[in-house]
Structures are given as structure tokens and as C-alpha cells.
Amino acid sequence: VIRHSKQLILILQVLKQSCRELLLLVVMWAMGVVTFGSIMYYIEEDQDSGFTSILKSCWWAVVTMSTVGYGDIYPTSVPGKLVGSVVVFLSMVFMALPMTIIVSKFSRAYEEMKEPPNSLAGGPLGVGGGSGDQGSQVSVNGKPDTELGKKDETSI
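Figured I'd write up the structure that's included with this text. Predicted model, so just to flag it, every value in this text is computed and none were measured. (Residues numbered from 1 in each chain as written. Predicted model: local features only at pLDDT ≥ 70, side-chain atom pairs only at ≥ 80, totals over all residues. Heavy atoms only, no water.)

## Quick look at the layout of surface pockets
Reasoning step 1: Approximately 160 Å³ is the volume attributed to the largest pocket.
Reasoning step 2: Lining the largest pocket are Lys6, Ile9, Leu10, Gln13, Gln17, Lys105, Arg108, Ala109, Glu112 and Met113.
Reasoning step 3: Those elements giving two or more residues to the lining of the largest pocket turn out to be α1 (6–17) and α4 (78–114). (1 Å grid on protein atoms, 1.4 Å probe; cavity = no way out; pocket = protein on both sides within 12 Å on 5 of 7 lines; lining within 4 Å. Points joined across faces, edges and corners; volume = space filled by probe spheres on them. Helix = DSSP H or I, 4+ residues; strand = E, 2+ residues; numbered from the N terminus.)

Here it is in C-alpha cells:
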């Protein structure tokens, strides 16, 4: 099925080219989950908010950083709410930065897929486009460009 779909092949090529960016995204996201989950556990451990272990707090960080927000665990203290706001903001930044690189690679690959290789040197049908005959280009008055600097002797 994939062999016959140019679009699926394009997506697979872009994913293959973007392995570094995707790995960076996953590593940064995992670091954020562990860091903010641990911070939130120590802030909210005395509250009755559901942060009963670091693992549950990391679950909260996963849900918050992915902007799903189930609402099963949420901070109740003011410092916890501030940290939660910072987590949401930073997670949007962490997700957006690598995605811009991936989207630009996708755009470049899509443009390459749209343009078939042209064997003619001078653009479509070999007209213009740097084929080496600048002397045959015609100016506005109907004379070749090489004669533009000369005086027109017939108009005197």
C-alpha cells in the first residue's frame, strides 16, 4: 500500500530525515516530565490533591505537557498552580521549536516531489533560462541587447 502512495512515501522520508529533531523532542519532553513531576510532588505532597507519589506526579506532567489535561490530578496550592502554568507554557515552546524544523523539511521535500526533474537546460520547452544565447534576446525597441548602447542612426 505504501509503495503506491506518493504522499505516504513523502511522510516516511520526512520522518526519516527528522530523526534528530524528533529524538531531541522526546528527550526534552522526558526530562520535563521527570523534572516537573518531581517538583510538583514536593510542592503538593502535604496537600490533598492526589500527588501521592512521584510516579503519579509524572503522570500529571505527561497529561499537562501534552495539553490533554484530564483533570484527574491538579494542583491546589498557589505554588503548585504557578508551576503548572510554567509547565504548560514551556511545553508549548518545547513542542513548537522542533516542529518548525520538521515542517520546513516537509515543505522542502513536498516541493521536490512536485517538480519533476527537467532535462532541458533552458526551462520549459528550452525557452530562455540561461541557455547561453544572451545576444539573441530582444529589447523593447526590437533590437538586440548588445546594440542598446549605440545610437540609432535611422532616426536622425
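## Overview of helix α3 (residues 54–65)
Reasoning step 1: For α3, built from 12 residues, the straight-helix expectation of 16 Å at 1.5 Å per residue is met to within 8% by its first-to-last C-alpha distance of 16 Å.
Reasoning step 2: Within α3 the residues assigned to the buried category are Ser57, Cys58, Trp60, Ala61, Val63, Thr64 and Met65.
Reasoning step 3: Just downstream of α3 lies Thr67, where phi reads positive at about 55°. (Expected span 1.5 Å × (residues − 1). Buried < 20%, exposed > 50% of the residue type's maximum accessible area, 1.4 Å probe, protein only.)

## Observations concerning helix α2 (residues 19–44)
Reasoning step 1: If you check α2, its first and last C-alpha atoms are 37 Å apart, about what 26 residues at 1.5 Å a residue would give, namely 38 Å.
Reasoning step 2: Those residues of α2 that fall on the buried side of the exposure criterion are Glu21, Leu25, Gly32, Val33, Phe36, Gly37, Ser38, Met40, Tyr41 and Glu44.
Reasoning step 3: Summarising the contacts, the buried residues of α2 are in contact with α1, α3 and α4. (Contact = heavy atoms within 4.5 Å.)

## Digging into the nonpolar core
Reasoning step 1: In terms of nonpolar packing, the biggest core is built from 11 residues, these being Val33, Phe36, Met40, Phe51, Cys58, Trp60, Ala61, Met65, Ile73, Val83 and Val87.
Reasoning step 2: Contributions of two or more residues to this core are made by α2, α3 and α4.
Reasoning step 3: Ignoring sequence-local partners within four residues, the contact set of Val33 consists of Cys58, Ala61, Val62 and Met65. (Core = buried A, V, L, I, M, F, W, Y, C linked by side-chain atoms within 4.5 Å.)

## Overview of a nonpolar patch on the surface
Reasoning step 1: On the surface, Leu8, Ile11, Leu12, Leu15, Phe106, Tyr110 and Met113 cluster together to form a nonpolar patch covering roughly 580 Å² of accessible area.
Reasoning step 2: For the nonpolar patch, the elements supplying multiple residues, two or more each, are α1 and α4.
Reasoning step 3: Here the element with the most residues in the nonpolar patch is α1; it accounts for four residues.
Reasoning step 4: Mapping Leu8 onto the fold places it in helix α1. (Patch = residues over 30% accessible without salt bridge, like charges linked within 9 Å, V, L, I, M, F, W, Y side chains within 5 Å. Areas by Shrake-Rupley, 256 points an atom, 1.4 Å probe, with all protein chains shown as cover. Salt bridge = Lys/Arg side-chain N within 4 Å of Asp/Glu carboxyl O.)

That's the geometry; what it means functionally is another story.
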